[in-house]
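# Reading the structure
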Amino acid sequence: VLDIDNQLLVQEVEDPTPGLGEVLIRGAYAGVQWGDVMVRDGHMPVLRPFAPGFEVSGHVVAVGEGVDESRIGEQVAALTMSGAFAELTVAPAILAIEANNIPLRTAGGFGWVTPAAYDLVNTVGRVQAGESVLIHAAAGGVGTLAVQVATLAGASRVVGVVGNETQKEYAKQFGYNEVIVREEFPGGLSDETFDVILDPIGAKTREVNIE
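Reading the values: rules and limits
- Residues numbered from 1 in each chain as written.
- Predicted model: local features only at pLDDT ≥ 70, side-chain atom pairs only at ≥ 80, totals over all residues.
- Heavy atoms only, no water.
- 1 Å grid on protein atoms, 1.4 Å probe; cavity = no way out; pocket = protein on both sides within 12 Å on 5 of 7 lines; lining within 4 Å.
- Points joined across faces, edges and corners; volume = space filled by probe spheres on them.
- Helix = DSSP H or I, 4+ residues; strand = E, 2+ residues; numbered from the N terminus.
- Nonpolar A, V, L, I, M, F, W, Y, C, P; charged D, E, K, R; others polar.
- Core = buried A, V, L, I, M, F, W, Y, C linked by side-chain atoms within 4.5 Å.
- Buried < 20%, exposed > 50% of the residue type's maximum accessible area, 1.4 Å probe, protein only.
- Contact = heavy atoms within 4.5 Å.

The volume enclosed by the largest pocket comes to roughly 650 Å³. Lining the largest pocket are 25 residues, and of these Gln11, Val13, Phe85, Ala86 and Glu87 sit closest to its centre. Those elements giving two or more residues to the lining of the largest pocket turn out to be β1 (22–30) and β4 (88–92). By residue number, the principal contributor to the lining of the largest pocket is β4, which donates 5 residues. Residues belonging to the lining of the largest pocket are distributed by class as follows: 15 nonpolar, 4 polar and 6 charged. Considering the residues around the second largest pocket, the lining is formed by 19 residues, among which Val113, Gly140, Gly141, Val142 and Gly143 are closest to the centre. Elements that contribute at least two residues to the lining of the second largest pocket include exactly α1 (34–40), α3 (113–124), β6 (132–136) and α4 (141–152). The greatest single-element share of the lining of the second largest pocket, amounting to 4 residues, is contributed by α4. Split into classes, the residues belonging to the lining of the second largest pocket amount to 10 nonpolar, 7 polar and 2 charged.

Printed below as a string of structure tokens:
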């Protein structure tokens, strides 16, 4: 748990029980994401002590009312509202996604970044075949997935912007047509324009995007 002084403590508690529409998961891997940092730093209002963790992979060991018992034993990647760092985690059944054919470690990285990337590309950006896409924070969790989703959506060119040269090489392996570092933006792209821009950086970067 995370106490009022933002210290992570190992604490024994009673096993949770899944309620209506929920499953109980014995965790194998838990993702660590920006939401965990926000909670730790006091930027998200939660009651303390708080059981951290918003994403987990593992096996369903019990189900609550309204959930098919055949799901017991299923390997899943799940999104939670808390508690993913614990040995046993309760999650909404609808957000516990079957992942039987995926290594648990890989499933543990599915997390909130995957639906975020999918929605940004397909729901917000509505990327169409033949369009060009610019993605900031290209080496991050959302960025490395967004390039793949954009490519599957038919984007003809996807360019990434990263913070440094090390991130540049890392981001390239996920399918970007070109990657530049932030200090080269926008000059490094000459006068190129894009149909869709995904920008989690904001501030001055956002202003430059629309100039």
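Once the structure has been displayed, the description carries forward.
One finds Val121, Val133, Ile135, Val158, Val162, Ala171 and Tyr176 to be the most contacted residues of the largest nonpolar core, which totals 20 residues. When contributions to this core are tallied by element, the ones reaching two or more residues are α3, β6, α4, β7 (157–162), β8 (178–181) and β9 (196–198). Element by element, the count of residues in this core is highest for α4, at 4 residues. Beyond its immediate sequence surroundings of up to four residues, Val162 is in contact with Ala138, Ala139, Gln167, Lys168, Ala171, Val179, Ile180, Val181 and Arg182. Counting residues in each nonpolar core, the second largest holds 12 residues, with Val23, Ile25, Val67 and Ala91 among its members.

Below, the discussion takes up the environment of Gly175. Within the element layout of this structure, Gly175 appears in the loop between α5 (165–172) and β8. Gly175 sits in the partly exposed class, given a relative accessible area of 38%. Once the C-alpha coordinates of Gly175 and Pro52 are considered, the two residues, 123 residues apart in sequence, prove to be 33 Å apart.

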